[in-house]
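Take a look at the letters that make up each chain.
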Amino acid sequence: MDFDFAEQAPKLMMLLWGLVAFAVVVGGLLVLLDAVPAFFARRREARFVAASASGAPLPGGRPRSREGLFATFFLLPTVVLLLIGLVVPALRTTLLSFMDGGSQNFVGLDNYRWMFADDSIVRVLLNTLVWVTLVPLVATSIGLIYAVLVDKARLEAVAKSLIFMPMAISFVGASIIWKFVYAFRSEEQEQIGLLNQIVVSLGGEPRQWLLDSPLNTLLLIVIMVWIQAGFAMVVLSAAIKAIPADIVEAARLDGVSPWQMFWQITLPSIRPALIVVVVTISIATLKVFDIVRTSTNGNYDTSVIANEMYNQAFRYGQNGQGSALAVFLFVLVIPIVIFQIRNLRQQRREG
Amino acid sequence: MAVSARPRQALAIVGAIGLALSATACGTGSSSNGGSSNADSAECAPYEDYQGHEGKTVNIYSSIRDIEADRLAESWKQFEDCTGITINHEGSGEFEAQLPVRVDGGNAPDLAFIPQPGLLARFAERNQLKPASAETKAMAEQNYSPDWLKYSTVNGTFYGAPLGSNVKSFVWYSPKMFQENGWTVPTTWDQMIQLSDTIAQSDVKPWCAGIESGDATGWPATDWIEDVMLRTQTPEVYDQWTTHEIPFNDPRVAEALDRAGTILKNDKYVNGGFGGVRSIATTSFQEAGVPITQGKCALHRQASFYANQWPEGTRVAEDGDVFAFYFPAIDPAKGKPVLGGGEFVTAFADRPEVQAVQTYLASGEYANSRAKIGDWVSANNKVDLANVANPIDKLSVEILQDDSTVFRFDGSDLMPAAVGAGTFWKGMVDWINGGNTASVLQGIESSWK
Amino acid sequence: MTTTTPPVAAGAQETSGRPTRAARVRKRLNTHTATMVAIVIAVVWTIPTFGLLVSSFRPENQIKTTGWWTFFRDPEFTLQNYQEVLFGQSASSGQLASYFVNSLVITLPAVLFPLAFAALAAYALAWINFRGRDWVYIAIFALQIVPLQMALVPLLSFFSRGVSLGGITLMPAWNLDGAQNFAQVWFAHTCFALPFAVYLLHNFISQLPKDLMEAARVDGATHPKIFRTIVLPLVAPALAAFGIFQFLWVWNDLLVGLIFAGGSDVTAPLTVRLAELAGTRGNEWQRLTAGAFVSIVVPLIVFLSLQRYFVRGLLAGSVKG
């Protein structure tokens, strides 16, 4: 074997550089923010002393703009990176959506017209709606139920890692896993798909699960729920543990049934975490495409917007149409954004 | 195991993994000694024309990976040693989607092996490709038939020579099964149908097929249609079809679908070992022919590369467990229409060393060097049959070099990707699942703008 | 989003007093049903993965012809798949260990950078009073929807062509070589992780008690000082929580790795190598069964060893204000 440690050295050097850069950037920023205002404060003090000595008018402090200065520096790295990495691409995508497939000529609203003129796209829209309604609902519910049930149970850590496991599996692995669930073999053959094996052993006929709409969309949704429930469970479980013990104890002393405890104590207490989970899963679901792509590639009426977008922009070279679909995704997220704004307002009022 | 542990942290971090791996020693890293060339030795004589680029590097991007990528690296090893050019090859399963991203992002490879003339044309039309050099062009014209070169020529500009090829007009069968049952290899379409009827009367389904291929599901069915189209129509009509000079829902295309349907959509004929017609859509193309080895079906139409899909231990030979016969013509008087595919060596850079590699890959020396390593077919007419060991590859090369062969490229690779890798694939899936010919063709036609 | 603690509701008071025997029986029944439901969910969730695990020890022809459960009737055990994944047959794609190192080198900074930047930004958005901060926050939140795929070309172009405006070069091309390409991958991962990171951390940081912050301000502490000495320790566990999620995403990412690291064994992550295992025509997919388990080991270790952190992590978020 030729595993040569010397070959790995440049990579590890690079890692070292990366960590040094991290320390310098983050540490530097904090030090700078500490030192610079202090420096100005000293100067102002000095000027203040000088001014009072000479009898000139006192320089006025502007704390408000200093706050702005701090905010600028705190936000600087994030905003710059987001501008380069996401804002510019989003603007570019919007621009491309008004251009042709090769991004050479403007075509006005043609791509949007194409989107709504195509019959199959209506189907895609409906499917996306089904996804974005069901996945957050089911994944969050299961995650929540499980989190409540295993809370303080024996072997809690093990029980939780079982549900968490799908999140840790790479997508390549997940696609094989579900192949072993939905696979179809004719009646005279041995089944290799678990679902059909169950059907056969119950005396039924094997089915081609991914062929029949709308069942196939639901079966693909199951995969997404399988992956996302782990996320919901982890976040919600932590939120449940954060409920102050005295409240729970007080309720218990009052003889509250577990059912009432759940609705009257647990649920209201974890509301913020619940919102984070639902919003995050909703957005992830809007963007889902690899499950659909590897399972059916959108055949048999299972396509969703992001899958169409990927096909148009990356496989068919239709950048315009792909971008138009991406812009449509931006539009779909607006309700979630509005919800978030209302939330923030409410929080500010309460705060 | 060479442990040159200079940086101590490196050792500490990688130590655990390294120790685990050192237990089982295997695999050989191919470290090319880029830079140092031994250009004067005798075995380097064929590479004289490519000298003068010592120490330069050429990056190649393709869809070829794993073992086949090893074979590629081996095939140009001597070229690298003699010329001092280092060739970095990168293979990716996401090639078709990633190449445009890299090109648009300004990070194009020097050379790419593009298997779709349609994709090649797209790059050419957007002025992202470099035309092939005069030397490359001369080399290609010497070694390949004009039939092949026209696929990498866009608006009169030639962009690169073919590399590997495959013959798609094959029907796989089991010589053993045929012998036991007294069946003979058909040489005309009618004989093939007769044979199918005979087999259908026994308890074996004559045909097996599968078109599932992950996100490329549908392509094996498009090959079927193209093969039949080439047999029911003249090559000229086929060309008009792939270039959209006749509409996709032309009656002649419908005729081809219906004729293919007499086999693919015939419950008496399909789908040996898998179920009925509908099982074709969910059977993966890799597994589709396997029932032949279990005696559950007799015939499977698939390209030469299917030779690598058989279960381990299956002997591929004319007197072995499985072999293939030429997918017969309907009217043998019209010649021998052959459907095939292949990849084209196209350049995104025009540095001299890139052009040298591009020229070399079009040469007879290269083709033979690669052929000797095995499992490879090329339309390069300099390929010496003696260098082709595998019987199915030999048969393919014979067919490609045969003068009576009328070669046509896989139509779906010629069409714009939105059709050839989009609606055509999807249309075939619908068609297999019971969609009627007219509405499926109408759907594909309306997507072709 | 302050955690609101409702007073024990009216319904609860009606049943107050000593629990009756019936209630105790019901309670026991409840816990039994609860355990059952939990076990059912756990089993349903685990079976698919378990099937993959069993399959990874079966020979190729068995995987492709019979269901994995037949393994228990007719065990045919092989390490062939692991052998192929770990020690590879393909010389040109390099050693698996090398990809492991790559994945580590990619993952560490790609977790640290977004974590630090997002924490700073989230603090500013939550506790520094400046004009338009809500709009900045909402904008960052909304950026979560930008599909990664649409950002690939412009970002790649940013690295390979630099930025120029009207013929003036504002930033030259990066022209990275070999291991330096890691910088691009870090950069890309950091950009893509920020919106979610800011959203999540803002949720925690904004829930810290207001009086605590105000007291510190009155004492004359500057924002950097509050951030370092008060906020960071309080939300450190929350940072760990985000760190674990980000670790998983980066470790399992294929797309960003493919585009920005390239496929050579110098920089490409483990997932790129795994995707390659299936062979040129995907006929060797049985190897992926073992591949999936090889790549899951590290994330699982990370999760199990930091699980306690998860709990404490989110605990910090709801310190009552």
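Reading guide: rules and limits
- Every chain is numbered on its own, with residues counted from 1 as its sequence reads.
- Just so you know, chain letters begin at A and ligand numbers begin at 1, following the order they were written in.
- Since the coordinates come from a predicted model, pLDDT governs what is reported: local features require at least 70, and pairs of side-chain atoms require 80 or more to be given and counted, while whole-chain, interface and lining totals use all residues.
- UniProt positions are given in the numbering used here, feature names are shortened, and annotations may be inferred rather than shown by experiment.
- Labels follow the DSSP assignment, with helices taken as runs of H or I lasting at least four residues and strands as runs of E lasting at least two, numbered in each case from the N terminus.
- Both definitions apply: the radius of gyration is a C-alpha atom measure, and the globule rule equals 2.2 Å times residues to the power 0.38.
- We call a residue exposed when 12 or fewer other C-beta atoms sit within 10 Å of its C-beta, buried when the count reaches 20 or more, and partly exposed for counts in between; the C-beta positions come from the backbone.
- Note on contacts: each residue gets a C-beta atom placed from the backbone, and two residues are in contact if those atoms are within 7 Å.
- Domain borders in the structure are assigned automatically or taken from a domain database.
- Buried Ala, Val, Leu, Ile, Met, Phe, Trp, Tyr and Cys residues form a nonpolar core when they are connected through C-beta atoms within 7 Å.
- Residue type decides the class: Asp, Glu, Lys and Arg count as charged, Ala, Val, Leu, Ile, Met, Phe, Trp, Tyr, Cys and Pro as nonpolar, and the leftover types, Gly among them, as polar.
- Note: two strands are recorded as paired if DSSP finds a minimum of 2 bridges between them.
- Working convention: axes come from line fits to C-alpha atoms, limited for helices to the stretch in contact. Angles between N-to-C directions cover 0 to 180 degrees.
- Of all possible arcs, the one meant is that of the directions from the helix axis to the C-beta atoms.
- Throughout, a crossing is termed right-handed when the near helix is turned clockwise from the far one, and left-handed when it is turned anticlockwise from it by less than a right angle.

Looking at an unreviewed UniProt entry, one finds chain B named Alpha-glucoside ABC transporter substrate-binding protein and attributed to Micromonospora sediminimaris. The annotation that UniProt attaches to chain B under Sequence similarities (unreviewed entry) is "Belongs to the bacterial solute-binding protein 1 family."

Looking at an unreviewed UniProt entry, one finds chain A named ABC transmembrane type-1 domain-containing protein, with Micromonospora sediminimaris as its source organism. Here chain A is described in UniProt, under the heading Subcellular location (unreviewed entry), as follows: "Cell membrane".

Colleague: Lay out the overall build of chain B in plain terms, naming residues and giving numbers.
Modeller: Along chain B, the regular secondary structure elements total 19 helices and 12 strands. The C-alpha atoms of chain B give a radius of gyration of 23 Å, which matches the 22 Å a tight globule of 449 residues would have. Residues classed as buried in chain B amount to 52% of the 449 residues present. Taking as baseline every contact in chain B between residues at least 6 positions apart, the subset at least 24 positions apart corresponds to 75%.

Colleague: Before we move on, could you go through the overall build of chain A and cite the residues and values that matter?
Modeller: The number of helices and strands found in chain A is 15 helices and zero strands. Taken over the C-alpha trace, chain A has a radius of gyration of 28 Å; the compact-globule value for 351 residues is 20 Å, which it surpasses by more than 25%. C-alpha extents for chain A along the principal axes are approximately 105 × 70 × 60 Å. Taken across its 351 residues, chain A has 46% of its residues classed as buried. Of the contacts formed within chain A by residues at least 6 apart in sequence, a portion of 64% connects residues at least 24 apart.

Colleague: Explain the domain arrangement of chain B residue by residue, including any values.
Modeller: Residue and element names in this part refer to chain B. Under the domain assignment used here, chain B contains domain 1 (42-167 + 340-407) and domain 2 (170-337 + 412-447). Between the C-alpha centres of domain 1 and domain 2 there is a distance of 29 Å. In this complex, domain 1 contributes 20 residues to the contact, which on the side of domain 2 involves 21 residues. Listing elements by their share of the side of domain 1 that touches domain 2, those giving two or more residues are helix 5 (117-125), strand 6 (162-167), helix 16 (391-401) and strand 12 (405-409). Looking at the side of domain 1 that touches domain 2, the element that brings in the most residues is helix 16, giving five residues.

Colleague: Please give an account of the nonpolar core that cites residues and values.
Modeller: Within the largest apolar cluster, 319 residues are counted, with the highest numbers of intra-cluster contacts made by L236 of chain A together with Y123 and L201 of chain C. A per-element tally of this core places helix 6 (residues 96-127) of chain C first, with 24 residues. Those residues in contact with L201 of chain C that sit more than four places away from it in its chain are A118, A119, A122, A238 and F242 of chain C.

Colleague: How would you explain the interface of chain C and chain A if you had to name every residue and give the values?
Modeller: By a frequent convention, interface size equals the accessible area lost on bringing the separate parts together. Each partner contributes residues to the interface: chain C has 118 residues there, and chain A has 106 residues. When residues of the side of chain C that touches chain A are assigned to their parent elements, the largest contribution, 17 residues, is made by helix 14 (residues 286-317) of chain C. Here the residues of the side of chain C that touches chain A are counted per class, giving 74 nonpolar, 38 polar and six charged.

Colleague: Now, about the sheet that holds strand 9 (residues 297-301) of chain B: what can you tell me, with residues and values included?
Modeller: Residues and elements named next belong to chain B. Pairing in this open sheet of four strands is mixed, and the strands run 8-9-7-10 from one edge to the other. Here the strands that pair on one side only, and so sit at the sheet edges, are strand 8 (205-207) and strand 10 (323-326). When strand polarity is set aside, the average angle formed by the axes of neighbouring strands in this sheet is 25°. Both strand 8 and strand 9 contribute to a ladder of two bridges, which runs parallel. Bridge assignment links W207 to a residue of strand 9, and that residue is L299.

Colleague: Can you explain unusual backbone geometry? Please cite residues and give values.
Modeller: Note: most peptide bonds trans; most residues except glycine with negative phi. The omega angle of the peptide bond from S213 of chain A to P214 of chain A is 5°, so this bond is cis rather than trans. Between V270 of chain B and N271 of chain B the backbone carries a cis peptide bond, its omega angle lying at 5°. With respect to the secondary-structure elements, N271 of chain B resides in the loop between helix 12 (251-264) and helix 13 (279-282). Of note in this structure, D66 of chain B is not a glycine but carries a positive phi near 55°.

Colleague: Summarise the pairing of strand 7 (residues 170-173) of chain B; cite the residues concerned and give the values.
Modeller: Residue and element names in this part refer to chain B. Of the two faces of strand 7, the one lined by F170 and W172 and the one lined by V171 and Y173 are each fully buried. Two elements, strand 7 and strand 10, share four bridges in a ladder whose sense is antiparallel. Bridge pairing links W172 to A324 in strand 10. One ladder, built from two bridges, connects strand 7 with strand 9; its direction is antiparallel. Across the sheet, residue V171 finds its bridge partner in strand 9, namely R301.

Colleague: So what's going on with the UniProt feature "transmembrane region" (unreviewed entry) in chain A? Residues and values would help.
Modeller: All names here are of chain A. Cross-referencing UniProt, the feature "transmembrane region" (unreviewed entry) maps to residues 12-33, 69-91, 129-150, 162-181, 218-240, 261-284 and 323-341 in the present numbering. Along residues 12-33 one finds 100% helix and 0% strand; the C-alpha atoms at either end are 31 Å apart. When the span residues 218-240 is considered, its composition is 100% helix and 0% strand, and the gap between its end C-alpha atoms is 30 Å.

Colleague: Would you mind going over helix 19 (residues 437-447) of chain B in detail, with residue names and values included?
Modeller: Residues and elements named next belong to chain B. Buried within helix 19 we find V440, L441, G443 and I444. Relative to the axis of helix 19, the buried residues are bounded by an arc of 155° and lie together on one face. Buried residues along helix 19 sit against helix 12 and helix 18 (417-432).

Colleague: Describe the packing of helix 10 (residues 219-232) of chain B against helix 12 of chain B, listing the residues and the values that go with them.
Modeller: Residue and element names in this part refer to chain B. At their nearest, the axes of helix 10 and helix 12 sit 9 Å apart, and the two run at 120° to each other. For the pair helix 10 and helix 12, the crossing hand works out as right-handed. Contacts between helix 10 and helix 12 involve W224, I225, V228, M229 and T232 on the former and, on the latter, V253, E255, A256, L257, R259, A260 and L264. Here the residues of the contact of helix 10 with helix 12 are counted per class, giving nine nonpolar, one polar and two charged.

Colleague: Go over the environment of L201 of chain C, please, and point to the residues and values.
Modeller: All names here are of chain C. Turning to its location among the elements, L201 is positioned in helix 9 (residues 182-205). Overall, L201 belongs to the buried group, with 27 C-beta atoms counted inside 10 Å. Considering only alpha carbons, one finds L201 and F242, 41 residues apart in sequence, at a separation of 8.0 Å.

Colleague: Describe in detail the environment of S63 of chain B, supporting the description with residues and values.
Modeller: Within the element layout of this structure, S63 of chain B appears in the loop between strand 1 (57-62) and helix 2 (67-75). In this structure, the C-alpha to C-alpha distance between S63 of chain B and R370 of chain B, residues 307 residues apart in sequence, is 17 Å. Those residues in contact with S63 of chain B that sit more than four places away from it in its chain are G91, S92, G93, F95 and P115 of chain B together with T280 of chain C.

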